[in-house]
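Architecture at a glance
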There are 2 protein chains.
Amino acid sequence: MHDVARLAGVSQSTVSRVLSTSTSQVPISEETRQKILNAVQELGYQPNMTARSLRTQRSQMIAIMIGDISNAFYHPIVRAIQDVARARDYDVLISNSDHVYENERRFLDTVLRRPVDGIVMAPHRLSTEELDQFILRSHIPVIALGAQVEHTLMDVVGGTSEPATYEAVAWLIQEKGHRRIGFISTIDDMPPGPARCKGYQRAMLDAGLSIEPGYILKHAFTLDGGRHAMHEYLAQPNPPTAIFGANALMAIGAISEAQALGYRVPQDFAIMGFDDIPEATIIHPHLTTVVRNLPEIGVQLAEILFERIDGEVSGPGRFFQSKWMLVERGSV
Amino acid sequence: MHDVARLAGVSQSTVSRVLSTSTSQVPISEETRQKILNAVQELGYQPNMTARSLRTQRSQMIAIMIGDISNAFYHPIVRAIQDVARARDYDVLISNSDHVYENERRFLDTVLRRPVDGIVMAPHRLSTEELDQFILRSHIPVIALGAQVEHTLMDVVGGTSEPATYEAVAWLIQEKGHRRIGFISTIDDMPPGPARCKGYQRAMLDAGLSIEPGYILKHAFTLDGGRHAMHEYLAQPNPPTAIFGANALMAIGAISEAQALGYRVPQDFAIMGFDDIPEATIIHPHLTTVVRNLPEIGVQLAEILFERIDGEVSGPGRFFQSKWMLVERGSV
DNA sequence: CTGAAAGCGCTAACAG
DNA sequence: CTGTTAGCGCTTTCAG
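Criteria and thresholds
- Residues numbered from 1 in each chain as written.
- Chains lettered and ligands numbered in written order.
- Predicted model: local features only at pLDDT ≥ 70, side-chain atom pairs only at ≥ 80, totals over all residues.
- Heavy atoms only, no water.
- Least-squares fit on C-alpha atoms with pLDDT ≥ 70 in both.
- Contact = heavy atoms within 4.5 Å.
- Near = heavy atom within 4 Å.
- Polar contact = N/O pair within 3.5 Å; in protein donor to acceptor, adjacent residues only side chain to side chain.
- Helix = DSSP H or I, 4+ residues; strand = E, 2+ residues; numbered from the N terminus.
- Nonpolar A, V, L, I, M, F, W, Y, C, P; charged D, E, K, R; others polar.
- Buried < 20%, exposed > 50% of the residue type's maximum accessible area, 1.4 Å probe, protein only.
- Arc of directions from axis to C-beta.
- Core = buried A, V, L, I, M, F, W, Y, C linked by side-chain atoms within 4.5 Å.
- Buried area = accessible area lost by both parts, 1.4 Å probe.
- Salt bridge = Lys/Arg side-chain N within 4 Å of Asp/Glu carboxyl O.

Here we look at the relation of the copies chain B and chain A
With an RMSD of 0.2 Å, chain B superimposes on chain A once it is rotated by 180° and translated 0.1 Å along the axis. The transformation relating the two chain copies, once decomposed into turn and shift, fits a two-fold axis. Comparing interface residues between copies, 100% of those in chain B also lie at the interface in chain A; the contact surface is shared.

Next up, the structure:
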């Protein structure tokens, strides 16, 4: 910056004024501005964000913590957030928790040491208390994806799990005539398993159907989790005729496993999932599933976060209910 | 840090000595060290990485630029890099180029402004000159994935495209008896399309087979790219009997489209791809493909990068040839 | 073994 | 409208 100043024949602080976006309150003569811009051009100068961050206490960086980079559910969301961030000259730090507690905690420590201006996260293992304590301490705006989080201090986008699963299972019962319905949930009662399971249970209860032992299985939130679950159902003497997987990956894994063992979907097993990912329309039959507009959710997350980053909004956490719809394809 | 110093009854610089990992040359009394560690614990102090970076000119951060977050090819690689980085207390900045030139250039600008200690990238649009110029200017170690890059100043891991495609196409000819073979390449001659296409052409030439007009199609590196390509083949009066997709996503898209239009794979069309992703074993028939050990490649990329970051290696770029194997599944 | 002090590259008062 | 100056929170000489 000194070099630029020397070349332009001005002081270093004048260069800073021209280059730092914020300070538009101080007027600069058009001539000086041009001299400086030319010097910047000639030297190919790029401001040092580290120094700028230290001084301004803002990093021009947001952090995203997702549960599983292999889960295509996150991709449109991450992409949308990146796009919004990019348009505002923000960089994005991405972290992958793999649904492991230590990784989630570590993420919090990381953003405490390397202050970011805002955080989007899909917490699975962290408790509401831990999250609240973090926010109290760091004062970094946080927005969470998923109704699993109580919204005391952070904004939340979600709330589809219980009602959408209820609607889906009720549809399986009323429109498709199923009475023996299984539900593949998550290990360790990790979100969003329990919320979706509640929707399933309520739908079964409202229809007067019993949930037999072995109907609810708990597995990893992955393709293989779904495969293992299907394997377990097939070992049962009287397995369900329909299965709802708490996410799309598990549902697809279940279809894949059923077919590998010679069963037909949907004739032998009707299988339904939650969320729409590319794999849902790669497998045959295509997956009947709960569809949310994922890119839209991503944009929403980013924009709500930036409201707080920009100081337009403060105060207690807000809740944003996402929309959904049931899309019938071949798997039911 | 001042607060910690006050609580421990020492000077701020002593606290720094205890906390900063590097300075082990200066001895500290065990008593003082304990006092400081206790104070850190009590206050829950976390060092400010921004300030540390400004002072040390190191960021404890590496950046990754991938071509497409939706392409599962990158997931095991990114995950492996993150794991290696995490083990060394490095954070990871991820950027998604979507194979767009502006995004790749912008990535370079970003890491120039926010100096990272090292870069892993899968360049598609940047020229060797641009990359070299960047390295000359920034002195940041860069490692690239893919043989598409001439390795003058940066390390490269790759080199499978031409030989692996040659082997695959030769196998299609000799073992599977195909004579009319199509190749789906990338738009704008974007890597790794051309390198793989060369392997295809060489195999056809060596077998004395002619490449008819319309055999080589150019499409986006995505599922939809593959679908469109298949659509085009089907409009031809005399389409190929076997098709090699330059990546797995395109090959799977081609299978999906063929089936949607009532054709059978592999009876009507034998389809083969490059790289193994989860979707390859979701679709029926499963994709016959060139398999590389992706997590291993990720670890390799990270470790080679850290060799330079740690100063163990310097000098001209090195080249690391990856291994591969052909895995026959149902699609051929 | 520990403290004082300089300075990383920038921004933002404060003067003029 | 522009220059001078004081830090942001650390690390690292230089003294002692």
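A word on the protein's contact with DNA strand C
Not every one of the 28 residues close to DNA strand C is listed here, only the nearest: Y45, R52 and R55 of chain A together with R17 and T32 of chain B. For DNA strand C, the backbone makes up 61% of the atoms found within 4 Å of the protein, where backbone means sugar plus phosphate. One of the backbone N or O atoms of M1 of chain A is found 3.4 Å from a phosphate oxygen in DNA strand C. Within the side chain of R52 of chain A, a nitrogen or oxygen atom sits 2.6 Å from a phosphate oxygen of DNA strand C. Secondary structure elements with two or more residues in the surface near DNA strand C: helix 2 (12–19) and helix 4 (49–56) of chain A together with helix 2 (12–19) and helix 4 (49–56) of chain B. Residues belonging to the surface near DNA strand C are distributed by class as follows: nine nonpolar, 14 polar and five charged.

Some details on helix 2 of chain A
Residues and elements named next belong to chain A. Turning to helix 2, its buried residues are T14, V15, V18 and L19. Axial view of helix 2: buried residues confined to an arc of 130°, hence all on one face. On its buried face, helix 2 sits against helix 1 (2–8), helix 3 (30–43) and helix 4.

A word on the nonpolar core
With 150 residues, the main nonpolar core has I62, I271 and L301 of chain A together with I62, I271 and L301 of chain B as its most contacted residues. Setting aside anything within four residues of it in sequence, one finds L301 of chain A in contact with I77, I81, V120, I143, A144, L145 and V157 of chain A. Counting residues in each nonpolar core, the second largest holds 40 residues, with M121 of chain A together with V111, F134 and I140 of chain B among its members.

Things to note about the interface of chain B and chain A
Listed as interface residues are 49 residues of chain B and, on the opposing side, 49 residues of chain A. Summing the contributions of chain B and of chain A, the shared interface buries around 4,500 Å²; its carbon and sulfur component is 50%. Summed over the shared surface of chain B and chain A, the number is eight salt bridges. Its salt-bridge partner being R79 of chain A, residue D98 of chain B comes within 2.4 Å of it at the nearest N-O pair. Across the contact surface, chain B and chain A share 23 residue pairs in polar contact (both at pLDDT 80 or more). Looking at the side of chain B that touches chain A, the elements that each hand over two or more residues are helix 4, helix 5 (74–87), strand 2 (91–96), helix 6 (101–113), helix 10 (223–234) and helix 11 (248–260) of chain B. Here the side of chain B that touches chain A is built from residues that sort into 18 nonpolar, 18 polar and 13 charged.

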